[in-house]
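Survey of secondary and tertiary structure
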Amino acid sequence: MTKSARAAALLEGPVLRSLMLLAVPIILANVLQSAYQLIDAFWVGRLGDAAIAAVSISFPVIFLTIAVGSGLGIAGSILIAQYFGARNSEMVNHVAGQTMLMVVMTSLLLGAVGYVATPFLLKLMGVTPEVYAGAKGYLHVAFAGLVFSFTFIMFQSVMRGIGEMKLPIMIVFGTVIANFFLDPLFIFGWGPVPAMGVMGAALATLATQSVAALIGFAVLFGGRFGIKISLKNFKPDLAFIRKAFFLGLPASIEMSARAFGLIIMTFLIASFGTMAIASYGVGSNMIQVAMIPAMGLSMAISTLVGQNIGAGQMDRAEKIGRLGAMVSFCVLSVFGIIVFAFAPHFVAFFVPGEEDVIRTGATFLRTVSLAWGLLGVQFALSGVLRASGNMLTTMMITIISQWVILFPLAYILSQNTSLGLNGVWWAFPISYLIVSLVSIAIIAKGDWKKKRLVHEDETLSKKVSDEIITEESYTGHQN
(Lines give C-alpha, C1' and ligand atoms only; values in the text may rest on other atoms or scores of the structure.)
Protein backbone atom coordinates (compact mmCIF):
# COMPACT_ATOMS: atom_id res chain seq x y z
CA MET A 1 0.00 0.00 0.00
CA THR A 2 1.38 3.42 -0.97
CA LYS A 3 1.77 6.24 1.52
CA SER A 4 -1.19 8.20 0.09
CA ALA A 5 -3.42 5.12 -0.01
CA ARG A 6 -2.52 4.27 3.58
CA ALA A 7 -3.36 7.80 4.72
CA ALA A 8 -6.69 7.78 2.85
CA ALA A 9 -7.66 4.43 4.38
CA LEU A 10 -7.19 5.78 7.89
CA LEU A 11 -8.62 9.28 7.39
CA GLU A 12 -11.76 8.32 5.42
CA GLY A 13 -14.54 5.75 5.42
CA PRO A 14 -16.28 3.95 8.32
CA VAL A 15 -14.65 4.65 11.68
CA LEU A 16 -14.85 1.04 12.92
CA ARG A 17 -13.16 -0.21 9.75
CA SER A 18 -10.35 2.36 10.10
CA LEU A 19 -9.93 1.49 13.78
CA MET A 20 -9.78 -2.26 13.15
CA LEU A 21 -7.50 -1.78 10.13
CA LEU A 22 -4.87 -0.38 12.47
CA ALA A 23 -5.81 -2.01 15.81
CA VAL A 24 -5.73 -5.66 14.70
CA PRO A 25 -2.11 -5.56 13.43
CA ILE A 26 -1.02 -3.61 16.53
CA ILE A 27 -2.70 -6.15 18.83
CA LEU A 28 -1.07 -9.01 16.93
CA ALA A 29 2.30 -7.28 17.27
CA ASN A 30 1.70 -6.76 20.99
CA VAL A 31 0.65 -10.39 21.41
CA LEU A 32 3.91 -11.49 19.84
CA GLN A 33 5.92 -8.92 21.83
CA SER A 34 4.34 -10.11 25.07
CA ALA A 35 5.22 -13.66 24.10
CA TYR A 36 8.77 -12.81 25.18
CA GLN A 37 7.62 -12.43 28.78
CA LEU A 38 5.26 -15.40 28.62
CA ILE A 39 7.91 -17.67 27.12
CA ASP A 40 10.38 -16.55 29.79
CA ALA A 41 7.78 -17.24 32.48
CA PHE A 42 6.97 -20.65 30.99
CA TRP A 43 10.59 -21.87 30.99
CA VAL A 44 11.71 -20.09 34.17
CA GLY A 45 8.67 -21.54 35.97
CA ARG A 46 10.30 -24.96 35.59
CA LEU A 47 13.03 -23.75 37.97
CA GLY A 48 10.63 -23.17 40.91
CA ASP A 49 8.96 -20.30 42.75
CA ALA A 50 12.26 -18.56 43.64
CA ALA A 51 13.08 -18.23 39.93
CA ILE A 52 9.59 -16.90 39.14
CA ALA A 53 9.99 -14.42 42.02
CA ALA A 54 13.35 -13.28 40.56
CA VAL A 55 11.72 -12.39 37.24
CA SER A 56 8.73 -10.83 39.03
CA ILE A 57 11.05 -8.62 41.08
CA SER A 58 13.01 -7.61 37.99
CA PHE A 59 10.08 -6.55 35.82
CA PRO A 60 9.08 -3.36 37.70
CA VAL A 61 12.72 -2.20 37.76
CA ILE A 62 13.10 -2.69 34.00
CA PHE A 63 9.72 -1.06 33.43
CA LEU A 64 10.84 1.96 35.47
CA THR A 65 14.00 2.34 33.39
CA ILE A 66 12.09 2.14 30.12
CA ALA A 67 9.49 4.58 31.46
CA VAL A 68 12.07 7.26 32.25
CA GLY A 69 13.28 7.39 28.65
CA SER A 70 10.15 6.45 26.72
CA GLY A 71 8.47 9.86 26.91
CA LEU A 72 10.59 11.10 24.03
CA GLY A 73 9.55 8.11 21.97
CA ILE A 74 5.87 8.74 22.72
CA ALA A 75 6.24 12.40 21.79
CA GLY A 76 7.93 11.43 18.54
CA SER A 77 5.26 8.91 17.55
CA ILE A 78 2.46 11.42 18.21
CA LEU A 79 4.18 14.12 16.14
CA ILE A 80 4.79 11.61 13.34
CA ALA A 81 1.09 10.68 13.31
CA GLN A 82 -0.02 14.31 13.14
CA TYR A 83 2.50 15.25 10.45
CA PHE A 84 1.54 12.15 8.49
CA GLY A 85 -2.10 13.21 8.70
CA ALA A 86 -1.09 16.69 7.52
CA ARG A 87 0.84 15.08 4.57
CA ASN A 88 4.15 16.67 5.65
CA SER A 89 6.73 14.06 4.54
CA GLU A 90 9.77 16.16 5.38
CA MET A 91 8.76 16.52 9.02
CA VAL A 92 7.83 12.84 9.28
CA ASN A 93 11.38 11.89 8.30
CA HIS A 94 12.92 14.60 10.48
CA VAL A 95 10.96 13.64 13.59
CA ALA A 96 11.75 9.95 13.05
CA GLY A 97 15.50 10.61 12.86
CA GLN A 98 15.59 12.98 15.81
CA THR A 99 13.51 10.66 17.97
CA MET A 100 15.72 7.69 17.15
CA LEU A 101 18.78 9.76 18.10
CA MET A 102 17.29 10.76 21.45
CA VAL A 103 16.06 7.26 22.26
CA VAL A 104 19.45 5.65 21.56
CA MET A 105 21.37 8.19 23.65
CA THR A 106 18.86 7.97 26.51
CA SER A 107 18.90 4.17 26.55
CA LEU A 108 22.71 4.04 26.69
CA LEU A 109 22.72 6.36 29.70
CA LEU A 110 19.89 4.58 31.52
CA GLY A 111 21.36 1.16 30.79
CA ALA A 112 24.70 2.14 32.32
CA VAL A 113 23.09 3.66 35.43
CA GLY A 114 20.75 0.68 35.87
CA TYR A 115 23.57 -1.85 35.55
CA VAL A 116 25.62 -0.17 38.27
CA ALA A 117 22.63 0.41 40.56
CA THR A 118 21.19 -3.14 40.34
CA PRO A 119 22.67 -4.53 43.62
CA PHE A 120 21.56 -1.44 45.54
CA LEU A 121 18.02 -1.60 44.14
CA LEU A 122 17.60 -5.28 45.00
CA LYS A 123 18.85 -4.78 48.56
CA LEU A 124 16.57 -1.77 48.93
CA MET A 125 13.63 -3.93 47.86
CA GLY A 126 14.51 -6.50 50.54
CA VAL A 127 14.96 -9.39 48.11
CA THR A 128 15.60 -12.70 49.86
CA PRO A 129 18.95 -14.53 49.31
CA GLU A 130 17.41 -17.33 47.23
CA VAL A 131 15.93 -14.75 44.82
CA TYR A 132 18.79 -12.20 44.78
CA ALA A 133 21.28 -14.00 42.49
CA GLY A 134 18.73 -14.75 39.77
CA ALA A 135 17.27 -11.23 39.84
CA LYS A 136 20.75 -9.65 39.71
CA GLY A 137 21.80 -11.69 36.66
CA TYR A 138 18.50 -11.05 34.88
CA LEU A 139 18.69 -7.29 35.47
CA HIS A 140 22.34 -6.99 34.46
CA VAL A 141 21.67 -8.58 31.07
CA ALA A 142 18.48 -6.56 30.59
CA PHE A 143 20.28 -3.27 31.26
CA ALA A 144 23.17 -4.23 28.98
CA GLY A 145 20.72 -4.76 26.12
CA LEU A 146 18.44 -1.81 26.87
CA VAL A 147 19.57 0.10 23.75
CA PHE A 148 18.30 -2.70 21.49
CA SER A 149 14.94 -2.88 23.26
CA PHE A 150 14.51 0.90 23.07
CA THR A 151 15.48 1.01 19.40
CA PHE A 152 13.01 -1.62 18.29
CA ILE A 153 10.20 -0.17 20.42
CA MET A 154 10.81 3.19 18.76
CA PHE A 155 10.91 1.57 15.31
CA GLN A 156 7.46 0.12 16.01
CA SER A 157 6.22 3.55 17.12
CA VAL A 158 7.51 5.18 13.94
CA MET A 159 5.86 2.56 11.73
CA ARG A 160 2.65 2.81 13.75
CA GLY A 161 2.65 6.59 13.26
CA ILE A 162 2.49 6.13 9.49
CA GLY A 163 -0.03 3.29 9.72
CA GLU A 164 2.31 0.43 8.70
CA MET A 165 2.18 -2.58 11.03
CA LYS A 166 2.68 -5.67 8.84
CA LEU A 167 6.46 -5.51 8.80
CA PRO A 168 6.87 -5.12 12.60
CA ILE A 169 4.60 -8.14 13.04
CA MET A 170 6.79 -10.22 10.75
CA ILE A 171 9.95 -9.13 12.58
CA VAL A 172 8.51 -9.83 16.03
CA PHE A 173 7.14 -13.19 14.92
CA GLY A 174 10.58 -14.29 13.77
CA THR A 175 12.30 -13.15 16.97
CA VAL A 176 9.67 -14.79 19.19
CA ILE A 177 10.20 -18.13 17.44
CA ALA A 178 13.94 -17.74 17.94
CA ASN A 179 13.41 -16.79 21.60
CA PHE A 180 11.32 -19.91 22.21
CA PHE A 181 14.23 -22.12 21.23
CA LEU A 182 17.00 -19.98 22.77
CA ASP A 183 15.29 -19.80 26.19
CA PRO A 184 15.64 -23.49 27.15
CA LEU A 185 19.12 -23.57 25.57
CA PHE A 186 20.42 -20.70 27.74
CA ILE A 187 18.35 -21.50 30.86
CA PHE A 188 19.06 -25.25 31.11
CA GLY A 189 22.17 -25.52 28.91
CA TRP A 190 23.03 -28.04 26.24
CA GLY A 191 26.37 -29.30 24.95
CA PRO A 192 28.95 -26.49 25.11
CA VAL A 193 26.33 -23.97 26.29
CA PRO A 194 26.28 -23.85 30.13
CA ALA A 195 23.07 -23.69 32.16
CA MET A 196 22.56 -20.05 33.18
CA GLY A 197 19.20 -20.24 34.93
CA VAL A 198 17.16 -17.03 35.14
CA MET A 199 19.91 -14.99 33.48
CA GLY A 200 19.67 -17.27 30.44
CA ALA A 201 16.14 -16.02 29.74
CA ALA A 202 17.41 -12.44 29.63
CA LEU A 203 20.28 -13.44 27.31
CA ALA A 204 17.85 -15.07 24.88
CA THR A 205 15.78 -11.89 24.75
CA LEU A 206 18.93 -9.77 24.29
CA ALA A 207 20.02 -11.87 21.30
CA THR A 208 16.69 -11.64 19.49
CA GLN A 209 16.06 -7.95 20.32
CA SER A 210 19.45 -6.95 18.91
CA VAL A 211 18.60 -8.59 15.58
CA ALA A 212 15.18 -6.88 15.53
CA ALA A 213 16.74 -3.46 16.24
CA LEU A 214 19.25 -3.80 13.40
CA ILE A 215 16.48 -4.79 10.98
CA GLY A 216 14.46 -1.75 12.11
CA PHE A 217 17.33 0.62 11.38
CA ALA A 218 17.82 -0.94 7.93
CA VAL A 219 14.13 -0.46 7.09
CA LEU A 220 14.07 3.20 8.12
CA PHE A 221 17.16 3.95 6.05
CA GLY A 222 15.79 1.93 3.10
CA GLY A 223 12.74 4.15 2.53
CA ARG A 224 10.35 1.49 1.24
CA PHE A 225 7.32 2.42 3.41
CA GLY A 226 6.85 6.13 2.80
CA ILE A 227 9.45 7.10 5.38
CA LYS A 228 13.18 7.43 4.71
CA ILE A 229 15.67 8.77 7.22
CA SER A 230 19.23 9.75 6.36
CA LEU A 231 22.29 10.83 8.30
CA LYS A 232 21.23 14.48 8.12
CA ASN A 233 18.11 13.60 10.15
CA PHE A 234 20.41 12.60 13.05
CA LYS A 235 22.02 16.03 13.26
CA PRO A 236 20.83 17.34 16.66
CA ASP A 237 17.99 19.84 16.22
CA LEU A 238 17.75 21.77 19.48
CA ALA A 239 14.37 23.29 18.59
CA PHE A 240 12.82 19.87 18.08
CA ILE A 241 14.60 18.34 21.06
CA ARG A 242 13.26 21.09 23.30
CA LYS A 243 9.72 20.58 21.96
CA ALA A 244 9.93 16.78 22.26
CA PHE A 245 11.32 17.06 25.77
CA PHE A 246 8.49 19.23 27.08
CA LEU A 247 5.91 17.19 25.20
CA GLY A 248 7.37 13.89 26.36
CA LEU A 249 8.29 14.81 29.94
CA PRO A 250 4.75 14.33 31.29
CA ALA A 251 4.60 10.93 29.55
CA SER A 252 7.89 9.92 31.17
CA ILE A 253 6.66 11.06 34.57
CA GLU A 254 3.36 9.23 33.98
CA MET A 255 5.04 5.94 33.12
CA SER A 256 7.62 6.39 35.88
CA ALA A 257 4.83 6.91 38.39
CA ARG A 258 3.20 3.72 37.17
CA ALA A 259 6.52 1.86 37.41
CA PHE A 260 7.25 3.22 40.89
CA GLY A 261 3.77 2.12 41.88
CA LEU A 262 4.60 -1.44 40.76
CA ILE A 263 7.83 -1.36 42.76
CA ILE A 264 6.09 -0.10 45.88
CA MET A 265 3.39 -2.73 45.39
CA THR A 266 6.14 -5.34 45.19
CA PHE A 267 7.52 -4.02 48.50
CA LEU A 268 4.09 -4.50 50.06
CA ILE A 269 3.54 -7.98 48.60
CA ALA A 270 7.08 -9.07 49.57
CA SER A 271 6.06 -8.70 53.20
CA PHE A 272 3.78 -11.73 52.69
CA GLY A 273 6.67 -13.97 51.52
CA THR A 274 8.12 -15.58 48.38
CA MET A 275 4.89 -17.46 47.62
CA ALA A 276 2.95 -14.18 47.49
CA ILE A 277 5.51 -12.62 45.14
CA ALA A 278 5.37 -15.66 42.85
CA SER A 279 1.54 -15.56 42.85
CA TYR A 280 1.61 -11.84 42.06
CA GLY A 281 4.15 -12.48 39.28
CA VAL A 282 2.00 -15.13 37.61
CA GLY A 283 -1.14 -13.03 38.04
CA SER A 284 0.68 -10.03 36.61
CA ASN A 285 1.56 -12.08 33.54
CA MET A 286 -2.15 -12.60 32.90
CA ILE A 287 -2.85 -8.91 33.48
CA GLN A 288 -0.19 -8.18 30.86
CA VAL A 289 -2.03 -10.50 28.48
CA ALA A 290 -5.28 -8.65 29.21
CA MET A 291 -3.54 -5.36 28.55
CA ILE A 292 -2.45 -6.50 25.07
CA PRO A 293 -5.79 -5.71 23.37
CA ALA A 294 -6.24 -2.66 25.64
CA MET A 295 -2.85 -1.22 24.69
CA GLY A 296 -3.28 -2.21 21.04
CA LEU A 297 -6.59 -0.40 20.82
CA SER A 298 -5.14 2.56 22.74
CA MET A 299 -2.24 2.81 20.28
CA ALA A 300 -4.58 2.52 17.31
CA ILE A 301 -6.89 5.15 18.79
CA SER A 302 -3.94 7.44 19.49
CA THR A 303 -2.61 7.09 15.94
CA LEU A 304 -6.00 7.55 14.27
CA VAL A 305 -7.01 10.47 16.48
CA GLY A 306 -3.60 12.08 15.94
CA GLN A 307 -3.82 11.70 12.15
CA ASN A 308 -7.37 13.05 12.04
CA ILE A 309 -6.44 15.99 14.28
CA GLY A 310 -3.53 16.69 11.93
CA ALA A 311 -5.99 16.61 9.01
CA GLY A 312 -8.40 18.94 10.87
CA GLN A 313 -11.14 16.29 11.25
CA MET A 314 -12.07 16.82 14.91
CA ASP A 315 -15.55 15.28 14.71
CA ARG A 316 -14.11 12.07 13.28
CA ALA A 317 -11.38 12.09 15.95
CA GLU A 318 -14.02 12.32 18.71
CA LYS A 319 -16.06 9.51 17.16
CA ILE A 320 -12.96 7.28 17.05
CA GLY A 321 -12.40 7.88 20.79
CA ARG A 322 -15.98 6.97 21.76
CA LEU A 323 -16.16 3.87 19.59
CA GLY A 324 -12.69 2.74 20.66
CA ALA A 325 -13.63 2.93 24.34
CA MET A 326 -16.75 0.81 23.74
CA VAL A 327 -14.85 -1.82 21.77
CA SER A 328 -12.08 -1.96 24.37
CA PHE A 329 -14.61 -2.40 27.21
CA CYS A 330 -16.38 -5.28 25.43
CA VAL A 331 -13.22 -7.12 24.38
CA LEU A 332 -11.59 -6.98 27.83
CA SER A 333 -14.82 -7.87 29.62
CA VAL A 334 -15.18 -11.05 27.56
CA PHE A 335 -11.54 -11.96 28.19
CA GLY A 336 -12.01 -11.28 31.92
CA ILE A 337 -14.95 -13.67 32.11
CA ILE A 338 -12.90 -16.42 30.44
CA VAL A 339 -9.98 -15.91 32.87
CA PHE A 340 -12.36 -15.88 35.85
CA ALA A 341 -13.80 -19.24 34.80
CA PHE A 342 -10.44 -20.95 34.25
CA ALA A 343 -8.15 -19.03 36.63
CA PRO A 344 -6.45 -22.05 38.30
CA HIS A 345 -5.63 -23.56 34.91
CA PHE A 346 -3.99 -20.35 33.70
CA VAL A 347 -1.84 -20.13 36.83
CA ALA A 348 -0.90 -23.82 36.68
CA PHE A 349 0.38 -23.34 33.14
CA PHE A 350 3.21 -21.18 34.53
CA VAL A 351 3.88 -22.97 37.82
CA PRO A 352 2.82 -26.62 37.49
CA GLY A 353 2.77 -28.48 40.79
CA GLU A 354 3.05 -25.37 43.01
CA GLU A 355 -0.31 -25.76 44.74
CA ASP A 356 0.00 -22.76 47.09
CA VAL A 357 0.98 -20.44 44.23
CA ILE A 358 -1.82 -21.81 42.04
CA ARG A 359 -4.42 -21.26 44.76
CA THR A 360 -3.27 -17.73 45.67
CA GLY A 361 -2.70 -16.70 42.04
CA ALA A 362 -6.17 -17.91 41.07
CA THR A 363 -7.70 -15.81 43.87
CA PHE A 364 -5.82 -12.76 42.55
CA LEU A 365 -7.05 -13.34 38.99
CA ARG A 366 -10.66 -13.90 40.01
CA THR A 367 -10.62 -10.71 42.05
CA VAL A 368 -9.37 -8.48 39.22
CA SER A 369 -10.46 -10.11 35.94
CA LEU A 370 -14.13 -9.07 35.90
CA ALA A 371 -13.05 -5.41 36.09
CA TRP A 372 -10.72 -5.52 33.08
CA GLY A 373 -13.35 -3.88 30.88
CA LEU A 374 -12.94 -0.72 32.98
CA LEU A 375 -9.19 -0.92 32.43
CA GLY A 376 -9.89 -1.03 28.69
CA VAL A 377 -11.93 2.18 28.89
CA GLN A 378 -9.11 3.91 30.76
CA PHE A 379 -6.49 2.92 28.17
CA ALA A 380 -8.69 3.89 25.22
CA LEU A 381 -9.44 7.37 26.54
CA SER A 382 -5.80 7.90 27.50
CA GLY A 383 -4.99 7.27 23.84
CA VAL A 384 -7.28 10.13 22.85
CA LEU A 385 -5.66 12.50 25.33
CA ARG A 386 -2.12 11.61 24.23
CA ALA A 387 -2.98 12.02 20.55
CA SER A 388 -4.17 15.56 21.18
CA GLY A 389 -1.00 16.44 23.11
CA ASN A 390 -2.65 16.45 26.56
CA MET A 391 0.23 14.56 28.16
CA LEU A 392 -0.09 16.49 31.43
CA THR A 393 -3.65 15.26 31.90
CA THR A 394 -2.76 11.59 31.38
CA MET A 395 0.20 12.06 33.71
CA MET A 396 -2.03 13.38 36.49
CA ILE A 397 -4.56 10.58 35.97
CA THR A 398 -1.83 7.97 36.34
CA ILE A 399 -0.25 9.60 39.38
CA ILE A 400 -3.62 9.80 41.11
CA SER A 401 -4.54 6.22 40.19
CA GLN A 402 -1.24 4.80 41.47
CA TRP A 403 -0.32 6.99 44.43
CA VAL A 404 -3.65 8.34 45.66
CA ILE A 405 -5.85 5.31 45.00
CA LEU A 406 -4.16 1.97 44.26
CA PHE A 407 -1.23 1.72 46.66
CA PRO A 408 -2.82 3.52 49.67
CA LEU A 409 -5.94 1.39 49.25
CA ALA A 410 -3.88 -1.82 48.96
CA TYR A 411 -1.94 -0.89 52.11
CA ILE A 412 -5.04 -0.04 54.14
CA LEU A 413 -7.00 -3.12 53.07
CA SER A 414 -4.09 -5.53 53.57
CA GLN A 415 -2.66 -4.10 56.79
CA ASN A 416 -5.71 -2.74 58.61
CA THR A 417 -8.46 -5.22 57.77
CA SER A 418 -8.92 -8.97 58.00
CA LEU A 419 -8.43 -9.32 54.22
CA GLY A 420 -4.64 -9.57 54.47
CA LEU A 421 -3.09 -10.32 51.06
CA ASN A 422 -6.56 -10.35 49.48
CA GLY A 423 -6.78 -6.65 50.36
CA VAL A 424 -3.98 -5.99 47.86
CA TRP A 425 -5.93 -7.84 45.19
CA TRP A 426 -9.16 -5.90 45.83
CA ALA A 427 -7.38 -2.57 45.44
CA PHE A 428 -6.97 -3.24 41.70
CA PRO A 429 -10.64 -3.43 40.57
CA ILE A 430 -11.61 -0.54 42.85
CA SER A 431 -8.92 1.67 41.29
CA TYR A 432 -9.99 0.58 37.77
CA LEU A 433 -13.55 1.77 38.48
CA ILE A 434 -12.57 5.16 39.90
CA VAL A 435 -10.01 5.99 37.20
CA SER A 436 -12.28 4.97 34.31
CA LEU A 437 -15.03 7.27 35.62
CA VAL A 438 -12.56 10.15 35.93
CA SER A 439 -11.30 9.54 32.37
CA ILE A 440 -14.86 9.52 30.97
CA ALA A 441 -15.59 12.83 32.71
CA ILE A 442 -12.44 14.48 31.30
CA ILE A 443 -13.16 13.36 27.73
CA ALA A 444 -16.82 14.41 27.99
CA LYS A 445 -15.75 17.92 29.00
CA GLY A 446 -14.15 18.32 25.56
CA ASP A 447 -11.11 20.50 26.33
CA TRP A 448 -8.81 18.00 24.59
CA LYS A 449 -10.25 19.04 21.19
CA LYS A 450 -8.74 22.52 21.47
CA LYS A 451 -5.12 21.37 20.99
CA ARG A 452 -3.37 20.62 17.69
CA LEU A 453 0.38 20.15 17.86
CA VAL A 454 1.30 20.59 14.21
CA HIS A 455 0.04 24.17 14.12
CA GLU A 456 2.35 24.98 17.01
CA ASP A 457 5.36 23.82 15.00
CA GLU A 458 5.02 25.72 11.71
CA THR A 459 8.30 27.58 12.21
CA LEU A 460 10.23 24.37 12.84
CA SER A 461 8.52 22.68 9.89
CA LYS A 462 9.43 25.52 7.55
CA LYS A 463 13.01 25.54 8.85
CA VAL A 464 13.46 21.81 8.19
CA SER A 465 11.80 22.01 4.78
CA ASP A 466 14.05 24.89 3.79
CA GLU A 467 17.14 22.93 4.91
CA ILE A 468 16.06 19.89 2.87
CA ILE A 469 15.36 22.01 -0.25
CA THR A 470 18.72 23.76 0.12
CA GLU A 471 20.60 20.48 0.56
CA GLU A 472 18.83 18.81 -2.37
CA SER A 473 19.54 21.83 -4.59
CA TYR A 474 23.20 21.72 -3.59
CA THR A 475 23.35 17.98 -4.33
CA GLY A 476 21.71 18.56 -7.70
CA HIS A 477 24.30 21.18 -8.64
CA GLN A 478 27.10 18.87 -7.51
CA ASN A 479 25.75 16.11 -9.74
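Right, let's walk through the structure included here. Worth saying up front: this structure is predicted, and the values here are computed from it rather than measured. (Residues numbered from 1 in each chain as written. Predicted model: local features only at pLDDT ≥ 70, side-chain atom pairs only at ≥ 80, totals over all residues. Heavy atoms only, no water.)

This part is about the overall build of the chain. Within the chain, the secondary structure is distributed over 17 helices and zero strands. Buried residues in the chain amount to 58% of all 479 residues. Taking as baseline every contact in the chain between residues at least 6 positions apart, the subset at least 24 positions apart corresponds to 81%. Of the roughly 19500 Å² of accessible surface on the chain, 70% is carried by carbon and sulfur atoms. (Helix = DSSP H or I, 4+ residues; strand = E, 2+ residues; numbered from the N terminus. Buried < 20%, exposed > 50% of the residue type's maximum accessible area, 1.4 Å probe, protein only. Contact = heavy atoms within 4.5 Å. Areas by Shrake-Rupley, 256 points an atom, 1.4 Å probe, with all protein chains shown as cover.)

A word on the side chain of S431. Within the secondary structure, S431 is located in helix 16 (residues 421–445). On the basis of relative accessible area, S431 is assigned to the buried category, the value being 6%. If we skip the residues at most four places from it in the chain, S431 touches I405 and L406.

A few words now on helix 14 (residues 372–387). Over its 16 residues, helix 14 extends 23 Å from the first C-alpha to the last, a length consistent with the 22 Å expected when each residue adds 1.5 Å. Here helix 14 lies mainly inside the structure; 15 of its 16 residues are buried. G389 lies just past helix 14 and shows a positive phi near 85°. (Expected span 1.5 Å × (residues − 1).)

Attention now moves to a nonpolar patch on the surface. Together, L419, W426, I430, L433, I434, L437, V438 and I440 make up an exposed nonpolar region whose accessible area comes to about 670 Å². Here V438 lies in helix 16. (Patch = residues over 30% accessible without salt bridge, like charges linked within 9 Å, V, L, I, M, F, W, Y side chains within 5 Å. Salt bridge = Lys/Arg side-chain N within 4 Å of Asp/Glu carboxyl O.)

Of all hydrophobic cores here, the largest spans 111 residues; its most connected members are F155, M265, W372, V424 and F428. The dominant element in this core, judged by the number of residues it contributes, is helix 3 (residues 49–85), at 18 residues. Membership of the second largest hydrophobic core comes to 28 residues, among which are A325, V327, A387 and W448. (Core = buried A, V, L, I, M, F, W, Y, C linked by side-chain atoms within 4.5 Å.)

Take the packing of helix 13 (residues 355–368) against helix 16 next. Between helix 13 and helix 16, the least distance of the axes is 8 Å, while the angle of their chain directions is 25°. Comparing their axes, helix 16 and helix 13 come out roughly parallel. Crossing angle aside, the handedness with which helix 13 passes helix 16 is right-handed. Facing T360, T363, F364, T367 and V368 of helix 13, the residues of helix 16 in contact are L421, N422, W425, W426, F428, P429 and Y432. Broken down by class, the residue content of the contact of helix 13 with helix 16 amounts to eight nonpolar, four polar and no charged. (Axes fitted to C-alpha atoms, helices over the stretch in contact; angles between N-to-C directions. Parallel < 35°, antiparallel > 145°, perpendicular 65-115°, else oblique. Left-handed = near helix turned anticlockwise from the far one by under 90°. Nonpolar A, V, L, I, M, F, W, Y, C, P; charged D, E, K, R; others polar.)

Further remarks concern the environment of V384. As for its placement among the helices and strands, V384 is situated in helix 14. Linking V384 and R322, residues 62 residues apart in sequence, is a C-alpha distance of 9.3 Å. Excluding residues within four positions of it along the chain, V384 makes contact with I301, V305, G321, I443 and W448.

Within the structure shown, the criterion is met by two salt bridges. One salt bridge connects R359 with D356, and the closest N-O pair in it is separated by 2.8 Å. Separated by three residues within a single helix, R359 and D356 lie in helix 13, roughly one turn from each other. Given a relative accessible area of 43%, D356 falls into the partly exposed group.

Taking 1.5 Å per residue as the helical rise, helix 16 with its 25 residues ought to reach 36 Å, and the 38 Å between its terminal C-alpha atoms agrees with that figure. Among the residues trailing helix 16, G446 stands out with phi positive, at a value near 90°.

For the rest of this paragraph, the subject is the environment of G137. In this structure, G137 sits in helix 5 (residues 129–144). As for G137 and M199, which are separated by 62 residues in sequence, their C-alpha atoms are 5.0 Å apart.

Further remarks concern the environment of S439. Inspection of the secondary structure assignment puts S439 in helix 16. The contact partners of S439, leaving out residues within four places of it in the chain, are Q378, L381 and I397.

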